[in-house]
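Next come the chains, spelled out residue by residue.
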Amino acid sequence: MFGIYVHWPFCAAKCPYCDFNSHVRAKIEEDGWVDGIVAELEYTAVLQGEDRPVVSTVFFGGGTPSLMSGRAVGRVIDTIRRLWRTTNDIEITLESNPASADAERFADYRAAGVNRLSLGVQALNDADLKLLGRLHNVEEAKLALALAQKNFERVSLDLIYARPDQTVEAWRAELKQALAFGTEHLSLYQLTIEPATPFATLHRTGKLVIPDEDRAALLYETTQELTEAAGRPAYEISNHAQPGAEARHNLLSWRYGSYAGVGPGAHGRLDLNCKRFATSTERLPERWREQVARDGHGLIEKSEISDADAAREHLLMNLRLAEGLDIAAYRARWGTAPDNARLAPLAEEGLITLNDDRLIATPRGRLVLNSVIAALAG
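About the cut-offs
- Residues numbered from 1 in each chain as written.
- Predicted model: local features only at pLDDT ≥ 70, side-chain atom pairs only at ≥ 80, totals over all residues.
- Heavy atoms only, no water.
- Axes fitted to C-alpha atoms, helices over the stretch in contact; angles between N-to-C directions.
- Helix = DSSP H or I, 4+ residues; strand = E, 2+ residues; numbered from the N terminus.
- Parallel < 35°, antiparallel > 145°, perpendicular 65-115°, else oblique.
- Left-handed = near helix turned anticlockwise from the far one by under 90°.
- Contact = heavy atoms within 4.5 Å.
- Nonpolar A, V, L, I, M, F, W, Y, C, P; charged D, E, K, R; others polar.
- Polar contact = N/O pair within 3.5 Å; in protein donor to acceptor, adjacent residues only side chain to side chain.
- Buried < 20%, exposed > 50% of the residue type's maximum accessible area, 1.4 Å probe, protein only.
- Arc of directions from axis to C-beta.

Right, let's get into the packing of helix H2 (residues 70-83) against helix H3 (residues 103-112). The interhelical angle for the contact between H2 and H3, taken along N-to-C directions, is 15°, at an axis separation of 8 Å. Between H2 and H3, the angle is such that the two are roughly parallel. Every pair of crossing elements has a handedness; the one defined by H2 and H3 is right-handed. Judged by residue contacts, Gly-70, Val-73, Gly-74 and Ile-77 of H2 engage Asp-108, Tyr-109 and Ala-112 from H3.

This is how it looks when you write it as structure tokens:
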């Protein structure tokens, strides 16, 4: 199966923790930007040729895709359906900001073909929402969530934890409240200080202090405890769902499937002529649009990935998942697999398990996953 990621790079305001490719513009001429996305979809289809894969998932990310009109979203979806065959149960997700949520907009998205909404609430107290630079308050977030649940059968809720001064007790109460909303899926991200963000500057000067490693680990363990008890266990380090409600687009990526990325700053992994390619597009929206108008695409990278590098990427992505790595399938695909000399010490330390030829990072191993992967990949 094959996925398509559509990047809408515009936001009403830039959050101080965010290092995503997002930009604030006073005025957005929507049709022109959608023209560029359509052109990149058409270019991707030409690259793949006549025997194109079946599209099983589409994801509108950003930025803030909920600043798009339903008409614009529909035009992108219609283009995808024109260029590719799609599965009968295709998952089409759109990320939404509570500040741009309204009943008419959500109804338009649903009519356009969106069948899953991911709502970026991020916190359930007004003080932390203000700290995070969000434009909505808690009451507005709750109203947006109610609208989302009314319009879409599948809704995901995003929260950020390990915020400054956050205690385990406070997070426990907040997460219980979030779980009580009844969404099938939650993305629960630990706040990290990303370079070249306002938060990085504040953190460097001591004006922003986040929980240390020990408290962050306790917050993570609390997250696992409460979501498991609520029937929404982690299927990936930061993602939790009822069984069967996992985000298919995320799974496709973490299982190292093939997907196209269109729009400014989008990344992809394309399989072309039995070779795997990494793709990325120009990040600055205006430059991307100029290049698309000139060349029919905004690609600045289309580089072949060696089997060794692809195998390493595959390992990294799969070990994020609770299901882990199918070693036999991995060996069949890449002609290699982690050897016992590397596996045994990690197993002895309780960082991995081997069950029926499946390599799985333990809860303790997920806390230090980068070290586990480094030890396995060599």
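With that out of the way, let us pick up the packing of helix H11 (residues 307-318) against helix H12 (residues 327-334). The interhelical angle for the contact between H11 and H12, taken along N-to-C directions, is 160°, at an axis separation of 10 Å. Here H12 runs roughly antiparallel to H11, going by the angle between their axes. Helix-helix and strand crossings are classified by hand; for H11 and H12 the assignment is right-handed. Across from Asp-307, Ala-310, Ala-311, Arg-312, His-314 and Leu-315 in H11, the residues of H12 making contact are Tyr-330, Arg-333 and Trp-334. The residue makeup of the contact of H11 with H12, split by class, is 5 nonpolar, 1 polar and 3 charged.

With respect to the secondary-structure elements, Asn-21 resides in the loop between strand E2 (10-11) and strand E3 (23-24). The spatial distance from the C-alpha of Asn-21 to the C-alpha of Thr-57 is 22 Å, given a sequence separation of 36 residues. The residues contacting Asn-21, other than those within four sequence positions of it, are His-7, Pro-9, Gly-63, Pro-264, Gly-265 and Arg-283. Side chain to side chain, Asn-21 and His-23 meet in a polar contact 2.8 Å long. Only 3.0 Å separates the side chain of Asn-21 from the backbone oxygen of Pro-264, close enough to count as a polar contact.

This next bit is on helix H10 (residues 285-295). For an α-helix, 3.6 residues make a turn, and residues three or four places apart therefore share a direction. Along H10, the positions that sit buried rather than exposed are Pro-285, Trp-288, Gln-291 and Val-292. Each buried residue of H10 lies within a common arc of 125° when the element is viewed along its axis, so the set occupies one face. Summarising the geometry of H10, the exposed residues directed more than 90 degrees from the buried face are Arg-287, Glu-290, Ala-293 and Arg-294. Of the surrounding elements, those touching the buried residues of H10 are E2, E3, helix H1 (30-48), strand E13 (275-281) and strand E14 (299-304).

Take the environment of Ala-196 next. Relative to the helices and strands, Ala-196 resides in the loop between strand E8 (185-190) and helix H7 (198-204). A C-alpha to C-alpha distance of 9.4 Å links Ala-196 and Cys-18, two positions 178 residues apart in sequence.

Once that is clear, we can look at the side chain of Asn-97. Within the fold, Asn-97 resides in the loop between strand E5 (86-96) and H3. Assessed through its relative accessible area of 13%, Asn-97 is described here as buried. Among residues more than four places away in sequence, those in contact with Asn-97 are Thr-64, Ser-66, Leu-119, Arg-134 and His-136.

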